[in-house]
Amino acid sequence: MITQLRSCLGIIVFALSFNVFAQNFSILGKVVDAENQPIGLANVILLQGEEKQFLIGTSTDDNGYFNLVNLTEDTYYIKVSFIGLQEFEQKIILTGNLDLKTIKLQEIPESLDEVTIVAKKPTITRKPDRLVFNIENTALVEGNTMGVLKSTPGIIVTDGSINIKSAPAAIYINNRRVQLTSEELMQLLESTPANSIKSVEVITNPPASYDADSGSVINIIMSKNLVTGYRGSVFTNYTQGVFPQYNAGTSHFFKDDKINLNLNYSYTNQKINRDQNDSVNYLDVNNNLDEIWKSNVNRNTWSETHNLNLNFDYFIDERNTLSLTSTGLYTPYFKYRLKNTTDIFDTNNNFSSSFEADNLSRDNKYNIGTDVIFKHDFKNESSLVFNAHYTIYNYERNQSVFQNEPMDINDSEFRTIANQDTQIITGKLDYQLPIDESSTFETGLKFSNVNTESDITRLDVINGAEIVNTNNTDSFNYDENVFSAYVNYSKAWEDWDINVGLRAEQTNIEGRSLSLSETNTQDYLNWFPNVSISHNFSDRIGVSGNYSRSITRPSYTNLNPFTFFLNENTLVLGNPNLLPTYTDNYKISVDFLKNFTISAYYTNYNGAIEELPRQNNLTNVIAFTPTNLDKRVDYGFDLEFNYYPSNRFYLYAASSTYNISEEVNFGNGFVELNQWSQLFILSPGFSLLKDNSLNINATFYWLGRNLQSLQNVEDRLVSTISVSKSLFKNRAILSLSADDIFNMQDYDISINYLNQSSHRLIDIDNRFIKLGFRYNFGNTKLSTNERTTSAEERDRLKDLD
């Protein structure tokens, strides 16, 4: 009986096992090209049912084989693709293990009648707090990321800065702040391919989830694809300005069911030239002309920079993700040479004397920032994200200065050694709850600590011996704690869209000058509300309005009280008494006739921080000093025209009429300046040839005479033209661009208030031709990392000028 029972149980177990394994089907095959050569890393996607829902994706091995396992009896569609070849698709009714044998991918025919052009035209979506520029699968993605930003409505890219109107913009990628200095950021965007960009968000009124120090934000959203596998690219750029510049790098992406890895490396070798002609009118006590100092300054900067970026996601399960991201910058070689020749004239412009000053600096720095991020998705579609961040930043400068003094005055020779060591620790917790299909609630907490230790030693060379100059030797320790909390609510219904938020930040600062035995403390609690609302009266007319309040904290270098000598007559001073800037921004916009937008705005900066060149008429010294202005107001009217009729042509044009006024009391007099200015922008783009593989883009900015930091800047024309051509069946991109075509981008600056009178003409090395080449290999579309981290503290890491 027992034996019979065991037999029956064995039969049942066998049957069940057979049934289970019978349902564990697989689909395998081999992918080859037209010449029967195996294709490695081809995309293989399996869609389930007649609805074609994505089920699984993989890529072929080096021999072209693939194997899809753990499948049940059902109807499927298999798609196989590889860059430059026609996509293969086949319907499969799976009832058992299936061997598709060989799948041959044919080349794409060259005739226009047989080519399916999938490129789309760019589109613009306006929301109450931002403009979304959608460029996925358009010709714009064939260049680099900087080229995309130059073509994005509302963004102005000029000599080393990226602005939304006149305000500097914080750059985010997938809602994660890019944690680099301005120069490093420009290099990153120039060297990063744009082929994975989905859209660019121009956020003029960031919600409360963004740091109050964000101001205006440019958020670059990357495309997302479900295909697993590997892809990579290599690129190089050659730039010929006054001197040649080189840049090269590589990017690698890998994704499977559990991990998502992105690794980028770039190397830049460059020499930058800058010429500057200064004329300073030194005045007597009655503000009458006393002497005229005319200087010719040539500055060359040599640098080698290594940049490494890592993004890693581990999908623990369908609701939990652990991520690691790290950005490392290392500059082992940085040389800065400044040659100054100054001629001194009397009031009748007769030559009196002259002197020369040479400045040679060598720097070494590294900057490593790392984030660990954990995200949990709840069953009610809410999510919780925890982000821990750590940055270590080290900067060293060794400077030698020799100044040949006029007449019988002794020559001056000295050496300066400066060091800065900064550590940043932040912790952030964000919770998002979708209330219903049209509204979302967000809240979060953040803590950040910044600790900086810096020192400077000046060694005067006297009779061949180095003597410590105690008056210009100091150590400075800075400690900052910021506690933040926010709530944000957004809702969209019918023709209305609203976003309301409130952020609170408690700041505690202590700065200690060890040599001067001085301690500066600041403690303040601030509230930062924001509101955006829009209403569409029809598909041709819409109105929006927004208000936001933000803060700009001074950089740690600006708070450092050190005196840094470029020469005996040109200094850079810190200011430990700097206070943060509070900005209130109001804007009303009307969209009409689908292509036009007219806006009126008013921005008030309370305590705007500006680095001002201040001349001392008694000592003949120019000191560049960061200063809080009492008030700065910027208001005006904008008219924009967006026209994107097809994937072969687009046009963006804008006109802005605005007024800037600045007020400050220096103690010896009150200064109030204002200037009306005009800005014109014209940015056309063309795609040519049958397959849209030849792209031409141009950008022109005309900036009329304007006011910046109590200085009048004369008219400038900024111009860029770029051409790119896809090669080797879209596997490669060859690009050529030219900047400052009309040679009208130099700065002509004048100062004239109280006892300040000077003029500067600055010729920056911004007229150049750039030749670039990029080659892609492996899969062409993979999932990109999407996470939210912020590190505005790192943005205030500022090198010595």
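Throughout what follows, the structure given in this document is the object of discussion. Predicted model only: the values in this text are computed from it and were never measured.

Reading the values: the criteria
Residues numbered from 1 in each chain as written. Predicted model: local features only at pLDDT ≥ 70, side-chain atom pairs only at ≥ 80, totals over all residues. Heavy atoms only, no water. Helix = DSSP H or I, 4+ residues; strand = E, 2+ residues; numbered from the N terminus. Buried < 20%, exposed > 50% of the residue type's maximum accessible area, 1.4 Å probe, protein only. Contact = heavy atoms within 4.5 Å. Areas by Shrake-Rupley, 256 points an atom, 1.4 Å probe, with all protein chains shown as cover. Salt bridge = Lys/Arg side-chain N within 4 Å of Asp/Glu carboxyl O. Patch = residues over 30% accessible without salt bridge, like charges linked within 9 Å, V, L, I, M, F, W, Y side chains within 5 Å. Polar contact = N/O pair within 3.5 Å; in protein donor to acceptor, adjacent residues only side chain to side chain. Pairing = 2+ DSSP bridges. Axes fitted to C-alpha atoms, helices over the stretch in contact; angles between N-to-C directions. Phe/Tyr/Trp six-rings, centres within 6.5 Å; stacked < 30°, edge-to-face > 60°. Lys NZ or Arg CZ within 6 Å of the ring centre and 35° of its normal. Core = buried A, V, L, I, M, F, W, Y, C linked by side-chain atoms within 4.5 Å.

1. Digging into the overall build of the chain
- Each helix and strand in the chain was counted, giving five helices and 46 strands.
- Buried residues in the chain amount to 50% of all 801 residues.
- Partitioning the intrachain contacts of the chain with sequence separation of at least 6 by distance along the chain shows that 65% fall at a separation of at least 24.
- Accessible surface, the chain: about 36,600 Å² in total, of which carbon and sulfur atoms supply 55%.

2. Describing the pattern of salt bridges
- Scanning the model with the defined rule gives 20 salt bridges in all.
- Three or more residues joined by partner-sharing salt bridges are found here, namely D211, K446, R503, E505 and R553.

3. Points about unusual backbone geometry
- In this model, N349 sits at a positive phi of 65°, which is unusual for a non-glycine residue.
- Looking at where N349 falls in the secondary structure, it is placed in the loop between β20 (320-345) and β21 (351-377).
- Judged by relative accessible area, N349 falls into the partly exposed class, the value being 41%.
- Here the phi dihedral of N463 falls at roughly 55°; this positive angle occurs in a residue that is not glycine.
- Along the polypeptide, N463 turns up in the loop between β24 (439-462) and β25 (465-468).
- For N463, a relative accessible area of 81% gives the class exposed.

4. Let's talk about a nonpolar patch on the surface
- Residues Y238, Y246, I721, V723, F728, L734, L736, I769, L771 and F773 make up a contiguous nonpolar surface patch of about 870 Å² in total accessible area.
- When contributions to the nonpolar patch are tallied by element, the ones reaching two or more residues are β42 (716-727), β43 (732-739) and β46 (768-778).
- Ranked by the residues each element gives to the nonpolar patch, the list is headed by β46, at three residues.
- Summarising the element assignment, L734 is placed in strand β43.

5. So, the environment of T370
- Tracing the sequence through the fold places T370 in strand β21.
- Judged by relative accessible area, T370 falls into the partly exposed class, the value being 25%.
- A C-alpha to C-alpha distance of 6.4 Å links T370 and T391, two positions 21 residues apart in sequence.
- If near-sequence neighbours (up to four positions away) are discounted, T370 is found in contact with L324, T325, S326, A388, H389 and Y390.
- One polar contact links T370 to S326, side chain to side chain, over a distance of 3.2 Å.

6. Overview of the sheet that holds strand β1 (residues 25-32)
- Spatial strand order, β4-β1-β7: three strands in an open sheet with mixed pairing. The open sheet has two edge strands with one neighbour each: β4 (65-71) and β7 (98-104). Along the sheet, successive strands turn relative to each other by an average axial angle of 15°, direction set aside.
- Where β1 lies against β4, five bridges are found, and the strand directions are antiparallel. Within β4, the position partnered with L28 by the bridge is N67.

7. Brief notes about the sheet that holds strand β3 (residues 53-59)
- On the basis of which strands lie adjacent, the open sheet formed by four strands has the order β3-β2-β5-β6 and antiparallel pairing. If you trace the sheet from one side to the other, it starts and ends with β3 and β6 (88-94), each paired once. Taken pair by pair, the neighbouring strands of this sheet meet at an average axis angle of 20°, ignoring direction.
- Two strands pair when backbone bridges link them, and strand β5 (residues 74-81) and β6 are joined in this way by seven bridges, in the antiparallel orientation. When the sheet's bridge partners are listed, V80 is paired in β6 with F88.

8. Looking at the pairing of strand β18 (residues 259-283)
- Sheet topology note: the strand β17 (residues 244-255)/β18 ladder contains eleven bridges and is antiparallel. Residue pairing for β18: Y246 is matched across the bridge by N269.
- Pairing of β18 with strand β19 (residues 289-317), which is carried by 25 bridges, proceeds in the antiparallel orientation. Along β19, the bridge assignment pairs D275 with N298.
- Counting the residues in the hairpin turn of β18 and β19 gives five residues, including N287, whose phi is positive at 65°.
- Of the strand pairs in this sheet, β18 and strand β45 (residues 756-764) are connected by seven bridges, and their pairing is antiparallel.

9. As for the environment of V285
- With respect to the helices and strands, V285 occurs in the loop between β18 and β19.
- Once the C-alpha coordinates of V285 and N617 are considered, the two residues, 332 residues apart in sequence, prove to be 8.4 Å apart.

10. Regarding the packing of aromatic side chains
- Within the structure shown, the criterion is met by 21 aromatic pairs.
- For the ring pair W293 and F355, a centre distance of 5.7 Å and an interplane angle of 65° mean the geometry is edge-to-face. Here W293, found in strand β19, pairs with F355, found in strand β21; they are 62 residues apart in sequence, far enough to count as distant.
- For W293, a relative accessible area of 10% translates into the label buried.
- Using a relative accessible area of 4% as the deciding quantity, one classes F355 as buried.
- A centroid spacing of 6.3 Å and a plane angle of 50° characterise the contact between Y586 and Y602, whose relative ring orientation is tilted. Highlighted residues: Y586 in strand β32 (residues 581-592) and Y602 in strand β33 (residues 596-606), separated in sequence by 16 residues.
- Cluster of aromatic residues (ring-pair linked, three or more members): F592, F596, F641, Y643, F649 and F686.
- The residue whose ring lies beneath R231 is F253, and the NZ or CZ to ring-centre distance is 3.8 Å.

11. Remarks on the nonpolar core
- In this structure, L149, I155, I162, I197, V200 and I218 are the most contacted members of the largest nonpolar core, which totals 36 residues.
- Those residues in contact with V200 that lie beyond four places of it in its chain are L131, V132, F133, V148, L149, T152, I155, I218 and N219.
- Grouped together as the second largest cluster of nonpolar side chains are 23 residues, A212, V450, Y524 and L559 included.

Any link to function would need more than the numbers given here.
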